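Secondary and tertiary structure notes
These are the residues of each chain, in order.
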Amino acid sequence: MIKKATTHVNQNEGLIFERSRPGRVGYKLPALDVEAEPIDSLIDSKLLRDGDLAGLPEVSEVDVIRHFTRISTWNYAVDFGMYPLGSCTMKYNPKLNERVARMEGFAASHPYTPDEFAQGNLELLKELEDALAEITGLAAVSLQPAAGAQGEMTGLMVIRKCLESRGAARKLVLIPDSAHGTNPASAAICGYQVKTIKSNANGAIDLENLRQVVNEDVAALMLTNPSTLGMFEENIEEVCRIVHDAGGFVYMDGANMNALVGVTRPGDMGADVIHLNLHKTFSTPHGGGGPGAGPIAVTKELEPFLPFPRIIEEKNHKGERVLRLEYNRPQSIGRVRAFHGNYAVLVRALCYIVTLGPDGLREATETAVLNANYIAHHLKDVYEVAFDGQPMHEVILNDKRQQKTGVHTLDIAKRLIDYGFHPMTVYFPLVVPGAMMIEPTESEGREELDLFIDAMKSIAREAEADPELVKQAPHNTRIGRLDEAAAARKPALRWKPAKTSSAAGRE
Ligand SMILES: *Cc1c(COP(=O)(O)O)cnc(C)c1O
């Protein structure tokens, strides 16, 4: 571990336990007007466990505020700078979305509110379902799944249920070798065997290979378009036809919808089911494990199998249009999540869609694709681009040219931190050795893209001139290069007072 002798206050923040001083508090309570209760009685009555209070830091208000504010400045955030993680679509999230999601009528309404008193909330859900149906070109949407991966599982359950209603659930799900790891996991959870299909040299599905493997055992093909290699699947209609002719379904992983929204629609291409990652494409903050949403859109044929309740329109006794939650759905796969999904995420998504409008959504897509191509164009002479052809909203480089100096993808990513950028996605997709996957999104203006390009070019020069500098990066951060295997396998998560020294627990 490199220990730096920096004296900057931000860089030297220890653990909050180290600030603890016996008897120091951050509150002043009025005099007790009831009889004092010894704390042990709370432990006896099981309201507290023995040891619950032991070892809590004794600190003042200013201790707490300074501690957490200082460590918050060590975090990288999309509000701070570009976040070029490929596959993640880390776009900037307009603050208006947050304001709207916090409005009391949305944030404080109870999910058990009777339908007649929750018309506004139901209207929001219905409007979002309709918008997503239009954007995907499919007939019906369920907002329930809490993330992309759960959307995949839900979509495959819907396909399975439909196939069972036709007579047999079938056995196989076909998945290209470039797929996100959640795809085979979802298929396995739904009881399917996964058969991997190979991409051709351009990263596209090999049609001949597909024709050979599709048969009456195939329940579905799961594919991502544009693929995880950042390329549009040009034969998508033919791919769908081959699968449909054999009685299977096409599940499209919609994590890359940022390359398509407002320009083209998966339903028009032949997809039967797609999930959307609202926390990627539709502007909900993510990356810190916060809640997401993975709604699925399906064809008319699959609608009866969607999770319940469904939102339906009716006329009330006065003949007015009202919305109601319908639970009587005999063919439904059932619920996949409590209540109505991650509601605040749904509010943000609709706010984003409505504020941009159809033209704005299309422009966002076009800008996202332009930005990725701008980066590809300016870096292609310095780093090897993994695939020929035109990338969509993300570009994949590799470290082939740098390897001869001993510098690898991981080193380049770490060095990028010194230049003030979050690293790109590395070593994914798995089919590209040394992959560096870069997705700038539409949020970045030209100045920011140029800074990023400059940083990447500068790192390439450093790799030639001073490879050790790159291999030992980062240098400008509080903590230098970590042993990542040890950090993952032997994490020090507990602070042990007995062993305290001033540097305890900081490594
Ligand atoms: C992010 C992603 C997923 C999984 O989505 P989560 O919302 O993280 O569960 C699936 N496929 C691809 C291609 C992705 O990028």
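Only a predicted model underlies this, so the values are computations on that prediction, with no experimental measurement involved. (Residues numbered from 1 in each chain as written. Predicted model: local features only at pLDDT ≥ 70, side-chain atom pairs only at ≥ 80, totals over all residues. Heavy atoms only, no water.)

Some details on the side chain of N373
Here N373 is to be found in helix α12 (residues 343–379). Classification of N373 as buried rests on a relative accessible area of 17%. Not counting chain neighbours up to four residues away, the residues in contact with N373 comprise Q390, P391 and M392. (Helix = DSSP H or I, 4+ residues; strand = E, 2+ residues; numbered from the N terminus. Buried < 20%, exposed > 50% of the residue type's maximum accessible area, 1.4 Å probe, protein only. Contact = heavy atoms within 4.5 Å.)

A look at the pairing of strand β5 (residues 249–253)
Of all five residues that make up β5, five are buried, and the element is covered over most of its length. Side chains F249, Y251 and D253 project from β5 onto one buried face, and the interleaved V250 and M252 project onto a second face that is buried too. Relative to β5, strand β4 (residues 218–224) is paired through five bridges, and the arrangement is parallel. Each residue of the ladder has a partner; that of A220, found in β5, is F249. With helix α10 (residues 236–245) bridging β4 and its parallel neighbour β5, the resulting β-α-β unit is right-handed. (Pairing = 2+ DSSP bridges. Right-handed = clockwise from strand over helix to strand, strands pointing away.)

A look at the sheet that holds β5
The strand order across the open sheet formed by seven strands is β1-β7-β6-β5-β4-β2-β3, and the pairing between neighbours is mixed. Each having just a single partner strand, β1 (140–142) and β3 (193–197) make up the two edges of the open sheet. For this sheet, the mean angle separating the axes of adjacent strands, direction not counted, is 25°. Relative to strand β2 (residues 172–176), helix α8 (residues 182–189) is tilted by about 175°, and along the sheet it contacts β2, β3, β4 and β5. (Axes fitted to C-alpha atoms, helices over the stretch in contact; angles between N-to-C directions.)

Considering helix α14 (residues 409–418)
The buried count for α14 comes to eight of 10 residues, which makes it a mostly enclosed element. Within α14, the full set of buried residues consists of T409, D411, I412, A413, K414, R415, L416 and D418. Buried residues along α14 sit in contact with α13 (400–403), β12 (425–426), β13 (436–438), α15 (446–465), α16 (467–471) and α17 (484–489). Among the residues trailing α14, G420 stands out with phi positive, at a value near 90°.

Quick notes on the nonpolar core
If you look at the biggest cluster of nonpolar residues, it comprises 60 residues, and the most contacted ones within it are L128, L132, L278 and F282. If one sorts the elements of this core by residue count, α12 sits on top with 12 residues. Among the domains, domain 2 (95–354) and domain 3 (358–489) are the pair contributing at least three residues each to this core. When sequence neighbours within four positions are dropped, the list of residues in contact with L278 reads L128, L132, S283, T284, A293, P295, V345, L346 and A349. Counting 27 residues, the second-largest nonpolar core is a separate cluster that includes A140, V158, A187 and V273. (Core = buried A, V, L, I, M, F, W, Y, C linked by side-chain atoms within 4.5 Å. Domains from an automatic or database assignment.)

What about the site of the ligand?
Contacts to the ligand come from S87, A147, G148, A149, E152, H180, T182, D253, A255, N277, H279 and K280. With respect to the ligand, the side chain of K280 contributes an N or O atom lying 2.8 Å from an oxygen atom. Bound to the protein, the ligand loses 86% of the 380 Å² it would expose on its own. Sorting elements by how many residues they give to the shell around the ligand places helix α7 (residues 148–166) first, with three residues. Per-class residue counts for the shell around the ligand are three nonpolar, six polar and three charged. (Near = heavy atom within 4 Å. Polar contact = N/O pair within 3.5 Å; in protein donor to acceptor, adjacent residues only side chain to side chain. Areas by Shrake-Rupley, 256 points an atom, 1.4 Å probe, with all protein chains shown as cover. Nonpolar A, V, L, I, M, F, W, Y, C, P; charged D, E, K, R; others polar.)

Quick word on the domain arrangement of the protein chain
Partitioning the protein chain into domains gives domain 1 (16–72), domain 2 (95–354) and domain 3 (358–489). The centre of domain 2, based on its C-alpha atoms, is set 30 Å off from the matching centre of domain 3. Buried surface at the junction of domain 2 and domain 3, both sides included, amounts to about 1800 Å², of which 65% is carbon and sulfur. Of all residues in domain 2, L229, M231 and N258 give up the largest surface area on contact with domain 3, accounting jointly for 30% of the area buried on that side. At the boundary of domain 2 with domain 3, the tally comes to zero salt bridges. Inspection of the domain 2/domain 3 interface yields six residue pairs in polar contact (both at pLDDT 80 or more). Across the side of domain 2 that touches domain 3, the residue classes tally to 13 nonpolar, 10 polar and one charged. (Buried area = accessible area lost by both parts, 1.4 Å probe. Salt bridge = Lys/Arg side-chain N within 4 Å of Asp/Glu carboxyl O.)

Description of the pairing of β3
For β2 and β3, the ladder comprises five bridges, and the chain directions are parallel. Looking across to β3, one finds that V173 is bridged to V194. Considered for its hand, the β-α-β crossover made up of β2, α8 and β3 is right-handed.

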